[in-house]
Structures are given as structure tokens and as C-alpha cells.
Amino acid sequence: MSLSTGAMGVAVSPEVAAALARGGAVVALESTIICHGMPYPKNLQTAMEVEAIVRDNGAVPATIAILDGVPHVGLNSEQLKSLAISGRQFQKTARRDIAHVVASGGNGATTVSATMFFAHKASAKTSCWSYMSCLDLVGIPIFVTGGIGGVHRNGEQTMDISSDLTELGKTPVTVISAGVKSILDIPRTLEYLETQGVTVAAYRTNEFPAFFTEASGCKVQCRVDSPEECAKIIYANKNLYLGSGILIAVPIPKEQAASGNAIEAAIQKALKEAEDKNIIGNTITPFMLDRVKVLTGGSSLEANIALVKNNALLGAKIAVALSDLHQ
Ligand code: PSU
Ligand code: MN
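Residues numbered from 1 in each chain as written. Chains lettered and ligands numbered in written order. Predicted model: local features only at pLDDT ≥ 70, side-chain atom pairs only at ≥ 80, totals over all residues.

Here we look at the overall build of the chain
Alright, step 1. Across its full length, the chain holds 13 helices and 11 strands.
Alright, step 2. Relative to a compact globule of 327 residues, whose C-alpha radius of gyration would be 20 Å, the chain shows 18 Å and is just as compact.
Alright, step 3. Across the 327 residues of the chain, 51% fall into the buried class.
Alright, step 4. Put simply, of all contacts in the chain between residues at least 6 apart along the chain, 75% involve residues at least 24 apart. (Helix = DSSP H or I, 4+ residues; strand = E, 2+ residues; numbered from the N terminus. Rg over C-alpha atoms; globule rule 2.2 N^0.38 Å. Buried ≥ 20, exposed ≤ 12 C-beta atoms within 10 Å, placed from the backbone. Contact = placed C-beta atoms within 7 Å.)

Regarding the nonpolar core
Alright, step 1. Counting 101 residues, the largest nonpolar core has Val26, Val27, Ala62, Ile248 and Ala319 as its most contacted members.
Alright, step 2. Among the elements that line this core, the one with the most residues is helix 13 (residues 299-326), at 12 residues.
Alright, step 3. With sequence-adjacent residues up to four places away left out, Ala319 is seen in contact with Ala25, Val26, Val27, Ala59 and Ile142. (Core = buried A, V, L, I, M, F, W, Y, C linked by C-beta atoms within 7 Å.)

With respect to the environment of Asp225
Alright, step 1. Looking at where Asp225 falls in the secondary structure, it is placed in the loop between strand 10 (222-224) and helix 10 (227-239).
Alright, step 2. The exposure class assigned to Asp225 is exposed, which follows from the 11 C-beta atoms found within 10 Å.
Alright, step 3. Put simply, Asp225 and Asp290 are 65 residues apart on the chain and 33 Å apart in space, counted from C-alpha to C-alpha.

Considering the packing of helix 3 (residues 42-56) against helix 4 (residues 77-86)
Alright, step 1. Two elements in contact, helix 3 and helix 4, have axes separated by 8 Å at closest approach and are oriented at 145°. Relative to helix 4, the crossing made by helix 3 is right-handed. Residues Asn43, Leu44, Ala47 and Met48 of helix 3 pack against Leu80, Lys81 and Ala84 of helix 4.
Alright, step 2. Within the contact of helix 3 with helix 4, the residues separate by chemical class into five nonpolar, one polar and one charged. (Axes fitted to C-alpha atoms, helices over the stretch in contact; angles between N-to-C directions. Left-handed = near helix turned anticlockwise from the far one by under 90°. Nonpolar A, V, L, I, M, F, W, Y, C, P; charged D, E, K, R; others polar.)

Focus: helix 11 (residues 260-276)
Alright, step 1. The end-to-end C-alpha distance of helix 11, which contains 17 residues, comes to 24 Å, matching closely the 24 Å that a straight helix rising 1.5 Å per residue would cover.
Alright, step 2. Within the sequence span of helix 11, burial applies to Ile263, Ala266, Ile267 and Ala270. In an axial view of helix 11, the angular spread of the buried residues amounts to 105°, which keeps them on one side of the axis. Facing away from the buried side of helix 11 by more than 90 degrees, the exposed set consists of Asn261, Gln268, Lys272, Glu275 and Asp276. (Expected span 1.5 Å × (residues − 1). Arc of directions from axis to C-beta.)

So, the pairing of strand 8 (residues 174-177)
Alright, step 1. Burial along strand 8 is two-sided: Thr174 and Ile176 facing one way and Val175 and Ser177 facing the other are all buried.
Alright, step 2. Sheet topology note: the strand 7 (residues 142-144)/strand 8 ladder contains three bridges and is parallel. Residue pairing in the sheet places Ile142 in a bridge with Thr174 of strand 8.
Alright, step 3. In this structure, strand 8 lies alongside strand 11 (residues 246-249), joined through four bridges in parallel fashion. Looking across to strand 11, one finds that Ile176 is bridged to Ile248. (Pairing = 2+ DSSP bridges.)

Observations concerning the environment of Lys293
Alright, step 1. Examined against the element boundaries, Lys293 turns out to sit in helix 12 (residues 284-295).
Alright, step 2. Assessed through the 21 C-beta atoms surrounding it within 10 Å, Lys293 is described here as buried.
Alright, step 3. Measuring from C-alpha to C-alpha, the distance between Lys293 and Leu168 comes to 27 Å, with 125 residues separating the pair along the chain.
Alright, step 4. Apart from the residues lying within four places of it in its own chain, the contact partners of Lys293 are Gly298, Ser300 and Leu301.

Here's the deal with unusual backbone geometry
Alright, step 1. Of note, the amide linkage connecting Tyr40 to Pro41 takes the cis form, showing an omega dihedral of 5°.
Alright, step 2. Tracing the backbone through its elements, the reader meets Pro41 in the loop between helix 2 (32-35) and helix 3.
Alright, step 3. Positive phi, normally seen in glycine, also occurs at Arg204, with a value near 55°.
Alright, step 4. Although it is not a glycine, Phe211 adopts a positive phi angle of roughly 65°.

Okay, here's the thing in C-alpha cells:
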């Protein structure tokens, strides 16, 4: 069946649609990290390696982006390449931006909130959401990324709170990340997630990780130690129709962990620069990521790549364990 629904349709790649239809393991991946989080060609190399890790561990990768106004779930290698080369020409697309990017036929790099939305929608039992229109698709419950957005420092004044957190509150997708960066206010981010009813689990640790470093000083209530244990929580969340998302926070591998002090110094400097330049709104996160990368002499980029791959490995294993529970 062709994608005849125009701007209302979502193009699910044949490989992803087939995997969903047989209840196989699928892992959703975001595109803002490719277009706005890393420079070309490292972004393409990383995106391809992440997809390969997912495949090698028994799951099908589904990178999500909006191409010429059509949301795509699962990209082929040409699409992935053109996305990586285009970089910032793809509009950073959070939930609030989706309708506009689609209506104007634009290209959008989806953030965590928009990626969760499409990962979940690809599962809808409607006749117009995908090429596999007649099948009762079971959706993409697992989504791997590096770091999610959160409550910004001084967020109690600016009210700059990422829509990633509200999306987690209302969309039943499990996000695997290395926690949140300390460019954000981590304690308030966790408070906000609690308010939103989001299950936050830390993988093989009792502490919420801070992206570049293993620990943030914030304890979590839920510790998980295996992919199977994660899958059981996701399964329970689904069967109870809780409707909310789950955040599984995985510490960066020890060998790659950066010095907390060096990162904090870079963050303080970058925050000051952002204030001086009056950078606010959705440009603050890319600005901070870029400045921290430069100020740490590029070491933050290498750490970022390593942790995304580590998350992809665990995400694929959780997707397989979850698919086994459903069999
Ligand atoms: N944090 C990172 N890397 C990223 C992002 C956040 O360490 O690439 C991206 C993700 O796409 C996330 C988005 O969903 O930034 C959050 O942006 P904002 O803070 O504007 O909500
Ligand atoms: Mn924001």
C-alpha cells in the first residue's frame, strides 16, 4: 500500500514494519543527536555504528526523522547519510514543532520528545499510520539515545523545562540514556520526572548518572541489574496501561568517564557565555553541548559517542528480552 495519506501519514520502513508485525525487537533512535549533537562525518559514523550494534544484538534499528514533511520511522542508508550531511539544516523538532515541520514540508531532526511520539504512533492500530496498514502493529516500546533534556539550571526562574520530561509523562516508551548532563539541574529534573509519574531506573547503580560522569549525587528508588529485569518493568507498565514512559539511566563506561571537575569548569564557562549572548529557548542545549565540547578539547565528543554505543547495546538486549516476554 502506498503512503496515500499525504502529510498525515508516517512512513514506516518495510524492515521496521515487518519486525513490528512479527513482534520482533525494534529500537527507536533519534535524529537531533545526529544533526545538532555531533559534527559530520563523526555523526554519520556514529549513527551507522549504533545501528550496527542494535542489529548485532538481535534488534532492528528505527532512526526517526521528518523528511520533506513526512515523518519516517526507519531510514535507509542514503536517508541516514543525507540527514548527517545536512546537519543543522534539519530543524530541531520537539513535540511543539512537529505540526509546523510536517505542514511546511520541511526536514526535521526529532528530539527525544518527538522521537517518542513517533515511536509510539508507529504502533497505532489505525489505517493511515503506516505502509503495513492492515496489521495490528505492536509498536516501538524501546528508544535509545545519549542524554535527554531536563530542567535547566535556573529553570525555576526561566521555566525552561524540556518537553522530553512531559513526553515521558504521557507516552509509554522506555528511553535508555546516560542520565542527563550536568548542564542541567539534575535534582530538579528528577523531581519533575517524579511529578510526571515517570519510572526512573538506574542500571547497575543506586545513583542517577550525569552523562559524562557515573554519579550525580542523586539516589534513585529503582535499581535494575539485567536486561530481563528492565523488560519485566516495561511489561508491567504496559499491562497496567499506566500510559507513562520509563527512563533507564545507564552510567557511562568507567574507561570513558570524564573528570567531573573539568566538565563542571567547562559548563560554568559555557553558561556564562550563554547568558552574555542572551541565548535562550531551544538553542541553549545545542549551544551548551557545542561549547562544552570545544572547551574540553573534544574529549566530551568521544565520551558522548562511547556512551551512546553502550546504551545501544543495552537497549537492543532489553528489546530482545521484552520481545521474548511477549512470545
Ligand atoms: N542532551 C544531550 N544530547 C542531545 C540532546 C540533549 O546530551 O543531543 C538533544 C536531545 O535531542 C534532546 C534535546 O531531546 O536535545 C533536548 O533539547 P531541549 O533542551 O531544547 O528540550
Ligand atoms: Mn527548552
